[in-house]
Amino acid sequence: MIEGAKWRRWVYFYIPLGGFLIWLLFPFYWMLITTVRPDGELYRPWNAPNYTPFWTSNPTFEHISYLFTETLFATWLWNTMVIALAATAISLVCGVFAGYALSRLKFPFAGSLGTMIFVTYLVPQTLLFIPLADIIRNFRIGDSPWALILTYPTFLIPFCTWLMMGYFKAIPKELEECARIDGASRWQAMVYIILPVAVPGILSAGIFAFTLSWNEFIYALVFLSSPQEKTVPVGVVSELIRGDVFFWGPLMAGALLGSIPVAIAYSFFVEHYVSGLTGSVKG
Amino acid sequence: MARVLLRNLNKHYETFHAVKDVDLEIQDREFVVLVGPSGCGKTTTLRMIAGLEAITSGEILIGDTVVNEMPPMDRDIAMVFQNYALYPHMSVRDNMAFGLKMRKFERAEIDRRVKIASDILGIEALLHRKPRQLSGGQRQRVALGRAIVRNPQVFLFDEPLSNLDAKLRVQMRVELKKLHERLGTTAVYVTHDQVEAMTLGDRVVVMKDGWVQQVGDPLELYNNPANKFVAGFIGSPGMNFAAVTIERDGDALWAANPGMRVRVPDAIVTRLGPHSGRAATLGIRPEDLHIAGPADDAGHCFDAHVEVVERLGSEILLDVSVGPSSMVASVPPTVRTKMHETIRLALDPERLHFFDAETEAAI
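Participant: Give me the overall build of chain B: which residues, what numbers.
Facilitator: The helix and strand tally for chain B stands at 9 helices and 20 strands. Structurally, chain B occupies a C-alpha span of about 80 × 45 × 35 Å along its principal axes. The buried share of chain B, taken over its 363 residues, is 53%. Long-range pairs, those at least 24 residues apart, make up 67% of the contacts in chain B with a sequence separation of at least 6. Put simply, chain B shows about 16000 Å² of open surface, and 49% of that area lies on carbon and sulfur atoms. Between the averaged position of the 43 positive side-chain charges in chain B and that of its 48 negative side-chain charges there is a distance of 9 Å.

Take a look at the structure:
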């Protein structure tokens, strides 16, 4: 905390913090205000006499109801949710076990294997979708949720593995040794001792994986084509921008509603999530 | 309860030979302490007994069974770790019950054993707490309790007291001793603290660089150290060493250097005889030095220049220089002396030690 006179606290703490918050939250505010602004105000020129860009006097829900009645937004939400949850579940299971093995078991090339997994994470998705598209076509799972459920783990598993590796390394190995002396097999020691202790790490890996799949754009754009199969990021962009016409109200309403589940997920687990990232294990 | 037998035990890490040809028989109900500076192989030896490290060569027997390939869970041992290794997500009760649950004990039997162990250790009131809500001493007790409930054949302790503050450490040391008295379980205890080793061990194993230097009961190590390392390691403050030359003068032998000339007592003249005319190391413990009085033989006295006076209350430690070597003398608190004075010290000839200058083995 800043010590000394009150003005120092304002100058060095509250004012910079306030500025930072405004900078950070303004896009969300803009999203919100555009969502509830009627079309009449949205397309008013800047030099009109009652031009009020930062607030509105006639809030409306017409854009939201448009989204649910005139587009497949509810279906997109459902698709995104199913795909994100399934991809996260697959990636978490693989990532937790792989991370445990790479950080705890001694086997040849464990170190280089870990590095290789990380390198695959570094391959940009914008390149990887080309070979993946071929695979998707060969397996005939294009334009179905499976196309995404099975391809998202290609970047989620390396990510989860690395996050969990770091977390497992921070757990004292004596805990596990003690459990094994106490009569647990390696598997039991992992299930009863290491995994419960690693819950914050698993939660943060899960939240991250969920967010990444929820927001994913390029695979969803390439692998899905029918409107009823689309996810929120792709659906909103492809159905609400027609040619060069931007339907700003429904677009922003879609973006707002699309970010709410992620925001809920974060705020729900925020404490676990922070301690997971800082890797604190208190004995 | 069981004896533990180590036969020709070796541990190689990739390029490092950590434990070298360790042979040790630990009797049933015995409390054996492995002591040595860090990196001496004591913890590795303990971890091999526990089954946490693979053995490179040699054998370990617990009871009459060779356990070389046996996983830790089947060895019927309990281990207390330096950082306690309490399971942070479990209550104290669950921590203690975990080993029994893993071994499929009946609920009632688990409760009974946890009750007995927590009574012994005085932690009944803490059973519902989580480890993070406990102080260091309490955690230590829980870790002990977790070992006790199992009623194993052997207790293994890996520096269990070194994370406690000095006062608590002394207190827990006494409790450990009482606990062993009461339970009678064979125990192997690793520490780098020679005081802990001396107070707890029925026998003490001094290790250095992977080799066992000497095995013996505490007083034997103190009175008859096998080499210069053991002599310097056991005892606090450590033994004084002075490089001397053994000189023959008729029937008598003298140990001399530019600062002192000490007559070798008759009892060890024969042993020291072959070394006459050669270099050796003289060793004398601080408590075997005193201010010279009229009763002291001139051949056991020498002048010393006082450099530091440390008043500890029950005794005074004098850091003195004697010719080229520096020494510490422990004298009664009644002695009045000041820094930079020259005093005359006498040594107890029965308590002199001599070590070979090259091999450092006791002569």
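Participant: Please set out the environment of A:Gln228 residue by residue, giving values where relevant.
Facilitator: Residue and element names in this part refer to chain A. Examined against the element boundaries, Gln228 turns out to sit in the loop between helix H12 (218–223) and helix H13 (232–240). Residues Gln228 and Ile157, 71 residues apart in the sequence, show an inter-C-alpha distance of 28 Å. Once residues within four sequence positions are removed from consideration, Gln228 is found in contact with Leu72, Thr75 and Asn79.

Participant: Tell me about the interface of chain A and chain B, and please be specific about residues and values.
Facilitator: Facing the 20 residues of chain A at the interface are 25 residues of chain B. In total, chain A and chain B occlude about 2000 Å² of area from one another, counting both sides; carbon and sulfur atoms represent 66% of this. Here chain A is connected to chain B by 2 salt bridges. Close ionic contact of B:Arg47 with A:Glu177 constitutes a salt bridge, the shortest N to O distance being 2.7 Å. Taken together, the links from chain A to chain B amount to 9 residue pairs in polar contact (both at pLDDT 80 or more). Per-element tally for the side of chain A that touches chain B: the top contributor is helix H9 (residues 173–181) of chain A, with 8 residues. Considered class by class, the residues forming the side of chain A that touches chain B number 10 nonpolar, 4 polar and 6 charged.

Participant: Tell me about helix H10 (residues 186–197) of chain A, and name the residues and values.
Facilitator: Counted at 1.5 Å a residue, the expected span for H10(A) with its 12 residues is 16 Å, and the 15 Å between its end C-alpha atoms agrees. Buried within H10(A) are the following residues: A:Ala189, A:Met190, A:Ile193, A:Ile194, A:Leu195 and A:Val197. In this structure, the buried residues of H10(A) make contact with helix H4 (73–104), helix H8 (153–170), H9 and helix H11 (199–215) of chain A together with helix H2 (92–102) of chain B.

Participant: Quick one: what's the story with the domain arrangement of chain A, residue by residue and with numbers?
Facilitator: Residue and element names in this part refer to chain A. Taken as a whole, chain A is organised into domain 1 (6–44 + 56–63) and domain 2 (67–282). Between domain 1 and domain 2, the contact holds 7 residues from the first and 11 residues from the second. On inspection of domain 1 and its partner domain 2, the count reaches 4 residue pairs in polar contact (both at pLDDT 80 or more).

Participant: Could you give an account of the side chain of B:Arg146, with specific residues and numbers?
Facilitator: Here B:Arg146 shows up in helix H4 (residues 136–150). With no salt bridge to any partner, buried B:Arg146 finds its closest opposite charge in A:Asp182, at an N-O distance of 4.3 Å. One polar contact links the side chain of B:Arg146 to the main-chain carbonyl oxygen of B:Ala85, over a distance of 2.9 Å.

Participant: Run through the pattern of salt bridges, naming residues and quoting values.
Facilitator: Counting across every chain of the model gives 24 salt bridges over all chains. The partner of B:Glu30 in a salt bridge is B:Arg203, with the nearest N and O atoms 2.5 Å apart. Note that B:Glu30 is positioned in the loop between strand E2 (17–26) and strand E3 (31–35) and B:Arg203 in strand E9 (residues 203–208), a separation of 173 residues in sequence. Residue B:Arg203 is classed as partly exposed on the basis of its relative accessible area, which comes to 22%. Residues B:Arg261 and B:Glu247 are paired through a salt bridge, measuring 2.5 Å at the closest nitrogen-oxygen approach. Here B:Arg261, found in strand E13 (residues 260–263), pairs with B:Glu247, found in strand E11 (residues 240–249); they are 14 residues apart in sequence, far enough to count as distant. Residue class for B:Arg261 comes out partly exposed when judged on its relative accessible area of 36%. Among the residues examined, B:Glu247 registers a relative accessible area of 32% and is labelled partly exposed. Put simply, A:Glu177, B:Lys11, B:Arg47 and B:Glu53 are held in one network by salt bridges that share partners.

How each quantity is defined
- Residues numbered from 1 in each chain as written.
- Chains lettered and ligands numbered in written order.
- Predicted model: local features only at pLDDT ≥ 70, side-chain atom pairs only at ≥ 80, totals over all residues.
- Heavy atoms only, no water.
- Helix = DSSP H or I, 4+ residues; strand = E, 2+ residues; numbered from the N terminus.
- Buried < 20%, exposed > 50% of the residue type's maximum accessible area, 1.4 Å probe, protein only.
- Contact = heavy atoms within 4.5 Å.
- Areas by Shrake-Rupley, 256 points an atom, 1.4 Å probe, with all protein chains shown as cover.
- Lys, Arg positive; Asp, Glu negative; His and termini not counted.
- Charge placed at Lys NZ, Arg CZ, Asp CG, Glu CD.
- Buried area = accessible area lost by both parts, 1.4 Å probe.
- Salt bridge = Lys/Arg side-chain N within 4 Å of Asp/Glu carboxyl O.
- Polar contact = N/O pair within 3.5 Å; in protein donor to acceptor, adjacent residues only side chain to side chain.
- Nonpolar A, V, L, I, M, F, W, Y, C, P; charged D, E, K, R; others polar.
- Expected span 1.5 Å × (residues − 1).
- Domains from an automatic or database assignment.

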